[in-house]
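# Survey of secondary and tertiary structure
In case you want the letters, here they are:
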Amino acid sequence: MLANLRQVFRYRALISSLVARELKARYRGSVLGFFWTFVNPLLLLGIYTFVFTVVLSGARAGTRPEPYALFLFCGILPWTWFQSSLLESCSVLITGGNLIRKVLFPAEILPAVTVFTGLVNFLLGLLVFAAVAIYYGRPVVSADLVWLPAIVVVQLALTLGLALLLSSLTVHFRDLRDLLGNLLTLWFWGTPILYTVSEVPERFRWVFALNPFTHLAAAYQEILFFDGRFDGWRPLLVLGGAAALLLVFGYFVFDRLRDTLAEEV
Amino acid sequence: MPAVEVRDVRKIYRRYGRRKSFGTLKSALLSGGVLKHLRPDSVFQALDGVSFDVRPGATLGIVGRNGSGKSSLLKLIAGIGKPSAGTIHVTGRVSALIELGAGFHPEISGRENVFINGMMLGLSKAEVARRFDDIVAFAELGEFIDEPVKTYSSGMYMRLGFAVAINVDPDVLLVDEVLAVGDEAFTHKCLEKFADFRRQGKTIVLVTHTLDLITRLCDEALWLDAGRVRAQGDPKRVVDAYLTEVAGAEDRSQAGAPLPAAVATADSAAGASGRWGSQDAVIEQVELVRHDGQPGHVFESGQPMRIRVRVRAARPLQDFVFGIGLFTADGVCCFGTNTQIEGRVPREWSGAGTFIVDIDRLDLVAGAYRLDVAVHRQDGVPYDYHRLLYSFRVSSPLKDTGIYRPRHQWMFEGGIGISGSDGDGAA
């Protein structure tokens, strides 16, 4: 397992080239280029903003964080990265089956490329976020920003661990992808992205506390949106540890299934 | 220390899922647990205790029928998958030509694909950059290198794939039948490159159905049959043994009265074989007899061969011609004749009979040959035509080339001193 891990490290230049290729191939021949990646989140952003600030502007309207669109952006951006990485990692080994069967090639590179491609899109999205923040006249740079890389790393570990797990298991259980699609919808609504944790009734809080993405979304919102010092490092530390364990576990499962991949895809 | 060391390798492929080739999580949960589902339902043993060595600088050819485990073995040597039991040890960098251009992305340029493909095969970015010009030159792409790969012709695609794989500069090169896909010029180029490799003392393992390549290129051959090593050693001997077996299987399949399509021999790719005719007269058996009176399929060059054909007329015939034709494996006619050409006039024929063609000296160079046998009317309408259905092999200690080996002698006059036994070429 360690030898394989070293090999992955050796292949890091390949990963970065493949990420560049993914991005390039996706945007080649399209007029709007990389903005297509943001069409869906921006669309969601528009719809949710309309629904929650105009249509459902009832009793609780006053409790919503303002500007609501910018608040949504903080959660939807990392969620898009998370969701697209997981969904794509479900099919990445199957579509890349030719490589696995015909070329000596560490297969874990494929889910890794998916996750890192999502990361690049996420980072580009942060630039769009900065532009929107400037539009609303909000400060773009704050002292809290030093925490951002830490959160990104935690999310990276979490996503990568799940991607390894899902990509190798989907080869054996093809309906995992459909299951995941539904699970992610549930997960999205169960995560404080459209609302804040403080709006959740007390008796449901524990469910949200168990959801890892609650802490990630809250951290992004704290850092990018709310004023005041970021002090949510304690749950983040726990989550970081758990994500690291998940990454090891995901890699372990992937490694165990490695030899069956070339035969099953 | 051998370049490739294969020890008692077994490979078992597992099949999962009861009805489908892949399982679903739902069925796994319903049938009691994911772990149980991960247990295979049936197994297929592709390799069954294979052991051999390839010494550094040697070229090993692997022959065998489809499904005998050749490609599985090659993949295991390449490290794509692990053996179920046994060990494989390869010294040095391996490059596998299993599928050319696997991993090319159609949307991006040839240049970017070369870099990514090269890195997939284990080179660093700088190493690819250093070899880039060689790769483009070999692939003959010119300015097309900056066009998206999807615009390439299949020839360009293959050349580029080959160029990248070969420029990885491996110590051990594994080749799986890639030469079968290209045109003549491409094949020629690849063969030149292989020769280059051999001169540099690199190890090659070659899987091919082109038996000619095995005898021409390889230092050693291995015959794989149903996952086991049937024979190993001198390429000619192994190929002969393989051909004899394939021909034997063919004969056995011809034992029944209605002749089934012949078992495809490895060298039947050129020229379609078959059987047709009105069946008013039929060829029941064709036997090739060696100088010692034994029927066989391998003949020493320069030795006699007797073609003995048992025929039967379904009704009394007055109009009939017997004919034979000798062809090389790739379908070039070496000799063809019949009773009409040679001035024999048919009178009558009823019931069973045998005709024999005696060839005093089979003056052919070593190689695989095939035989036409026919019975037809004088105007050519066939009663029973057996097209390329029989194969035999000519073996020879000499490696002379061509088809025909005339009896000949070398003589030297004047100031030429030359030693070596003087023969008539038939050895």
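Attention in this report is confined to the structure presented alongside it. Worth saying up front: this structure is predicted, and the values here are computed from it rather than measured.

## Considerations on the overall build of chain B
Counting its secondary structure elements, chain B contains nine helices and 18 strands. With 427 residues in all, chain B has 48% of them scored as buried. Put simply, of all contacts in chain B between residues at least 6 apart along the chain, 72% involve residues at least 24 apart. Summing over all exposed atoms, chain B offers an accessible surface of approximately 20600 Å²; the carbon and sulfur share of this is 51%.

## Quick look at the overall build of chain A
Within chain A, the regular secondary structure consists of 11 helices and zero strands. Going residue by residue from the N terminus, the α and β elements of chain A occur as α-α-α-α-α-α-α-α-α-α-α. Looking at chain A as a whole, 51% of its 265 residues qualify as buried. For chain A, contacts bridging at least 24 residues in sequence account for 81% of all contacts bridging at least 6.

## Digging into the pattern of salt bridges
A side chain with one charge may pair with a side chain of the opposite charge, provided their charged atoms come close. All names here are of chain B. Scanning all chains against the criterion turns up 25 salt bridges over all chains. Arg-10 is paired through a salt bridge with Asp-8; the nearest N and O atoms lie 3.5 Å apart. Among the residues examined, Arg-10 registers a relative accessible area of 29% and is labelled partly exposed. Note on Asp-8: relative accessible area 38%, which makes it partly exposed. Asp-292 is paired through a salt bridge with Arg-290; the nearest N and O atoms lie 3.5 Å apart.

## A few points about the nonpolar core
Judged by nonpolar contacts, the single largest core of 166 residues is most densely connected at Leu-97 and Phe-194 of chain B. Not counting residues up to four positions away in its chain, the partners in contact with Leu-97 of chain B are Phe-162, Ala-165, Ile-166, Leu-173, Leu-174, Val-175, Asp-176, Val-178 and Phe-194 of chain B.

## What to know about the sheet that holds strand β16 (residues 349-359) of chain B
All names here are of chain B. Overall, antiparallel pairing links the three strands, which are arranged β11-β13-β16 in an open sheet. Each of the sheet's edge strands pairs with one partner strand only, and the pair in question is β11 (281-289) and β16. Across this sheet, the average inter-strand angle for adjacent strands is 15 degrees, counted without regard to direction.

## A word on the pairing of strand β9 (residues 228-233) of chain B
Residue and element names in this part refer to chain B. Here strand β8 (residues 220-225) runs beside β9; their pairing, made up of five bridges, is antiparallel. Each bridged residue has a counterpart across the sheet, and for Leu-222 the counterpart in β9 is Gln-232. Adjacent in sequence and paired antiparallel, β8 and β9 are bridged by two residues, among which Ala-226 carries a positive phi angle near 50 degrees.

## Structural notes on the sheet that holds strand β5 (residues 94-97) of chain B
Residues and elements named next belong to chain B. Within the open sheet, the six strands sit side by side as β5-β6-β7-β3-β8-β9. Their pairing is mixed. Each end of this open sheet is capped by a strand with a single partner; those strands are β5 and β9. Between one strand axis and the next, the sheet turns by 15 degrees as a mean value, whatever way the strands run. Across four bridges, strand β3 (residues 59-63) lies against β8 in parallel orientation. Residue pairing across strands places Leu-60 opposite Glu-220, the latter belonging to β8.

## Some points on the interface of chain A and chain B
Taken residue by residue, the interface counts 29 residues in chain A and 35 residues in chain B. Buried surface at the junction of chain A and chain B, both sides included, amounts to about 2900 Å², of which 61% is carbon and sulfur. On the surface where chain A and chain B come into contact, there are one salt bridge. A salt bridge links Glu-112 of chain B to Lys-24 of chain A, with the nearest nitrogen and oxygen atoms 2.4 Å apart. When contributions to the side of chain A that touches chain B are tallied by element, the ones reaching two or more residues are α2 (12-27), α5 (97-102), α8 (176-189) and α11 (233-264) of chain A. Of the residues forming the side of chain A that touches chain B, the biggest block, seven residues, is contributed by α2 of chain A. Residues belonging to the side of chain A that touches chain B are distributed by class as follows: 14 nonpolar, four polar and 11 charged.

## Notes on the packing of aromatic side chains
Scanning the entire structure with this criterion turns up 32 aromatic pairs over all chains. Ring geometry for Tyr-48 of chain A against Phe-52 of chain A: centres 6.4 Å apart, planes inclined by 45 degrees, an arrangement best described as tilted. Residue Tyr-48 of chain A and its partner Phe-52 of chain A are located together in helix α3 (residues 36-55), separated by four residues, close to a single helical turn. When its relative accessible area of 12% is taken as the criterion, Tyr-48 of chain A is described as buried. Overall, the relative accessible area of 15% leaves Phe-52 of chain A in the buried class. Taken together, a centroid distance of 5.5 Å and an interplanar angle of 75 degrees make the contact between Trp-223 of chain B and Tyr-242 of chain B edge-to-face.

## As for the packing of helix α6 (residues 154-166) of chain B against helix α7 (residues 184-199) of chain B
All names here are of chain B. At a minimum axis distance of 11 Å, the contact between α6 and α7 shows a crossing angle of 5 degrees. On the basis of their axis angle, the class for α6 and α7 is roughly parallel. Across the interface between the two elements, Met-158, Arg-159, Phe-162 and Ile-166 from α6 touch Phe-186, Cys-190, Lys-193, Phe-194 and Phe-197 from α7. Grouping the amino acids of the contact of α6 with α7 by side-chain chemistry returns seven nonpolar, no polar and two charged.

## Overview of unusual backbone geometry
All names here are of chain B. The backbone of Asp-8 shows a phi angle near 50 degrees, a positive value even though the residue is not glycine. Looking at where Asp-8 falls in the secondary structure, it is placed in strand β1 (residues 4-15). We note that Glu-140 has phi near 50 degrees; this positive angle belongs to a residue other than glycine. Along the chain, Glu-140 turns up in the loop between α5 (125-139) and α6.

Cut-off values and rules
Residue numbering note: each chain is counted from 1, following its sequence as written. Each chain takes a letter, starting from A, and each ligand takes a number, starting from 1, following the order in which they are written. Given that this is a predicted model, residues contribute local features only at a pLDDT of at least 70 and side-chain atom pairs are listed and counted only at 80 or more, while totals for whole chains, interfaces and linings are drawn from all residues. Side-chain descriptors were evaluated using all non-hydrogen atoms of the structure, hydrogens and water having been removed beforehand. Strands are runs of DSSP state E lasting at least two residues, helices are runs of H or I lasting at least four, and both sets are numbered from the N terminus onward. Exposure classes here rest on a 1.4 Å probe applied to the protein chains alone. A residue is buried below 20% of its type maximum, exposed above 50%, and partly exposed in between. Should any heavy atoms of two residues lie within 4.5 Å, those residues are considered in contact. Accessibility throughout is a Shrake-Rupley quantity obtained with a 1.4 Å probe, and a residue counts as covered only by protein chains that appear here. In the sections that follow, a salt bridge refers to a side-chain nitrogen of Lys or Arg positioned within 4 Å of a carboxyl oxygen of Asp or Glu. Definition of nonpolar core: a set of buried residues of the types Ala, Val, Leu, Ile, Met, Phe, Trp, Tyr and Cys, connected through side-chain atoms within 4.5 Å. Should DSSP find at least two bridges between two strands, the strands are taken to pair. To obtain each axis, a line is fitted to C-alpha atoms, and for helices this fit is confined to the stretch in contact; angles are then taken between N-to-C directions over 0 to 180 degrees. Buried area is a sum: the accessible area each of two parts loses on coming together, probed at 1.4 Å, counted once for each and added. Under the scheme applied here, ten amino acids are nonpolar (Ala, Val, Leu, Ile, Met, Phe, Trp, Tyr, Cys and Pro), four are charged (Asp, Glu, Lys and Arg), and all others, including Gly, are polar. Centres within 6.5 Å make a pair out of two Phe, Tyr or Trp rings, where for Trp the six-membered ring is used; the pair is then stacked when the planes are under 30 degrees apart, edge-to-face when over 60, and tilted otherwise. If an angle is under 35 degrees, it is roughly parallel; if it is over 145, roughly antiparallel; if it lies from 65 to 115, roughly perpendicular; otherwise it is oblique.

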